[in-house]
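Chain by chain, the residues:
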Amino acid sequence: MYPPTGFGYDRAITIFAPNGRLYQVEYSLEAVRRGTTAIGIRASDGVVLVVEKRVSPLQEPSSIEKIFIVDSHVGVAIAGLTADARILIDNARVEAQSHRYLYDEPIDIELLTKRVCDIKQLYTQRAGVRPFGVSLLIAGVDREPQLFMTDPSGAYWGYRATAIGAGGHDAKMRLEESYNDNINVEDAIKLALKILSEVSQLKLTVDNVEIAYIKMVDKEFKKLSDEEKLEYLKTI
């Protein structure tokens, strides 16, 4: 009998397997793949985030949050463990406000992303801890619209459009087919909702979807109300 693959090498985050893998990081990626689907699209005039929510019959839908405002010009959508995301988002808010206090200007989106990923990476190299089981879509504007995706290892990439979570793979395939660089925020919201409705197992309603956007014209990150969401849902 042979021991299962990875046997013994996943008992601590600091142990590399002979093939160079850190199994604890891969387990955290699995937590992301089991999370709710989140879609981010960088438009010509801003950035859009659309996220599915899983709401049980007795839960209050407004208490479930998948999109968070970090600063007036940047917000985050999550897939994975919400409790882990809360810690990272609190740190991101402190970084954003510290930067405003020190430099009297809003923080660059990539710099904020790097600071968040520094924390994530730190939790892949210390004994007695585990990686954060969450991926973030960080959307905002500085000199131009920006969209970054982070994974539990601490790596990050910039995207024109991407998706994470349970339906992330299928959503990315549809984005590759439908995305164009000239899309505006309004059409990006409709496209994201259309794709989310195709990859989700649920019928989209105002209770199980969150929508947010930020435009270059005012650089204000905004989450849509139920009435505003309903207007967009009628178009799909």
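Residues numbered from 1 in each chain as written. Predicted model: local features only at pLDDT ≥ 70, side-chain atom pairs only at ≥ 80, totals over all residues. Heavy atoms only, no water.

**Focus: the environment of lysine 222**
Going by this rule: Secondary structure follows DSSP: runs of H or I at least 4 residues long count as helices, runs of E at least 2 residues long count as strands, and numbering of each begins at the N terminus. In this description, contact between two residues means that some pair of their heavy atoms is separated by no more than 4.5 Å.
Tracing the chain through its elements places lysine 222 in strand β10 (residues 222-223). Residues lysine 222 and serine 72, 150 residues apart in the sequence, show an inter-C-alpha distance of 8.5 Å. Not counting chain neighbours up to four residues away, the residues in contact with lysine 222 comprise Ile211, Ala212 and Tyr213.

**Some words on the pattern of salt bridges**
Formally: For salt bridges, the criterion is a side-chain nitrogen of Lys or Arg within 4 Å of an Asp or Glu carboxyl oxygen. Exposure classes here rest on a 1.4 Å probe applied to the protein chains alone. A residue is buried below 20% of its type maximum, exposed above 50%, and partly exposed in between.
In this structure the tally under the stated criterion is 18 salt bridges. Salt-bridge contacts for lysine 114 lead to aspartate 118; the nearest nitrogen and oxygen are separated by 3.4 Å. Here aspartate 118 and lysine 114 lie together in helix α3 (residues 109-122), a separation of four residues that amounts to about one turn. Classification of aspartate 118 by relative accessible area gives partly exposed; the value is 39%. Through salt bridges with shared partners, a single network forms among Glu30, Arg33 and Arg34.

**Some thoughts on the packing of aromatic side chains**
Two descriptors summarise a pair of aromatic rings, namely the distance from one centre to the other and the angle between the planes of the rings. Cut-off, in case you're wondering: Centres within 6.5 Å make a pair out of two Phe, Tyr or Trp rings, where for Trp the six-membered ring is used; the pair is then stacked when the planes are under 30 degrees apart, edge-to-face when over 60, and tilted otherwise.
Within the structure shown, the criterion is met by two aromatic pairs. Ring geometry for tyrosine 123 against phenylalanine 132: centres 4.8 Å apart, planes inclined by 55 degrees, an arrangement best described as tilted. A relative accessible area of 32% means that tyrosine 123 is categorised as partly exposed. By relative accessible area, which is 8% here, phenylalanine 132 ends up buried.

**Some points on unusual backbone geometry**
Even without being glycine, aspartate 104 reaches a positive phi, approximately 60 degrees. Along the chain, the position of aspartate 104 falls in the loop between α2 (82-103) and α3. Despite not being glycine, lysine 219 has its phi angle at roughly 55 degrees, a positive value.

**A look at a nonpolar patch on the surface**
The line we're drawing: Put simply, a patch holds well-exposed residues, over 30% relative accessible area, that have no salt bridge, with like charges counted together within 9 Å and Val, Leu, Ile, Met, Phe, Trp or Tyr side chains within 5 Å. Here, Shrake-Rupley sampling with a 1.4 Å probe gives the accessible areas, and only protein chains in the shown set may cover a residue.
A surface patch of nonpolar side chains, amounting to about 460 Å² of accessible area, comprises Tyr101, Leu102 and Tyr103. Among the structural elements, tyrosine 103 can be located in helix α2. Exposure remark for tyrosine 103: the relative accessible area of 53% places this residue in the exposed category.

**Digging into the packing of α2 against α3**
Put simply, the rule reads: Axis angles are defined between N-to-C directions and span 0 to 180 degrees, where every axis is a line fitted to C-alpha atoms and, for a helix, only to the segment in contact. Should an angle lie under 35 degrees it is considered roughly parallel, over 145 roughly antiparallel, and from 65 to 115 roughly perpendicular; all remaining angles are considered oblique. Left-handed describes a crossing whose near helix is turned anticlockwise from the far helix through less than a right angle; right-handed describes the clockwise counterpart. Residue classes follow a fixed rule: Ala, Val, Leu, Ile, Met, Phe, Trp, Tyr, Cys and Pro count as nonpolar, while Asp, Glu, Lys and Arg count as charged, and any other residue, Gly among them, counts as polar.
Between α2 and α3, whose axes approach to 10 Å, the crossing angle comes to 135 degrees. With respect to their mutual orientation, α2 and α3 come out oblique. Helix-helix and strand crossings are classified by hand; for α2 and α3 the assignment is right-handed. Between α2, through Leu88, Asn91, Ala92, Glu95, Ala96 and His99, and α3, the contact on the second element is made entirely by Leu111, Leu112, Arg115, Val116, Ile119 and Lys120. Of the residues that constitute the contact of α2 with α3, the class distribution is seven nonpolar, two polar and three charged.

**Concerning the nonpolar core**
Rules: In this description, a nonpolar core means a group of buried Ala, Val, Leu, Ile, Met, Phe, Trp, Tyr and Cys residues linked to one another through side-chain atoms lying within 4.5 Å.
In this structure, Ile39, Ile41, Val50, Leu175, Ile189 and Leu193 are the most contacted members of the largest nonpolar core, which totals 27 residues. Those elements giving two or more residues to this core turn out to be β1 (38-42), β2 (46-52), β8 (161-164), α4 (168-178), α5 (185-199), β9 (209-215) and α6 (226-233). The leading source of residues in this core is α5, at nine residues. Contacts of isoleucine 189, omitting those with residues within four sequence positions, involve Val48, Ile211, Tyr213 and Tyr232. Among the nonpolar cores identified, the runner-up in size contains 19 residues, and Phe68, Ile107, Ile109 and Phe148 belong to it.

**Concerning the pairing of β8**
Every other side chain in a regular strand lies on the same face of the sheet, so the side chains alternate between the two faces. What counts here: Strand pairing is assigned whenever DSSP detects at least two bridges linking the two strands.
Burial along β8 is two-sided: the residues Ala161 and Ala163 and Thr162 and Ile164 are all buried. Pairing geometry for β1 and β8, over four bridges, is antiparallel. When the sheet's bridge partners are listed, alanine 38 is paired in β8 with isoleucine 164.

**Focus: the packing of α4 against α5**
Put simply, α4 and α5 touch, their axes get as near as 10 Å, and they point 140 degrees apart. Looking at the two axes, α4 sits oblique to α5. For the pair α4 and α5, the sense of crossing is right-handed. In this structure, α4 uses Asp170, Ala171, Arg174, Leu175 and Ser178 to contact α5, whose residues at the interface are Leu191, Ile195, Glu198 and Val199. A breakdown of the residues in the contact of α4 with α5 according to their chemical character gives five nonpolar, one polar and three charged.

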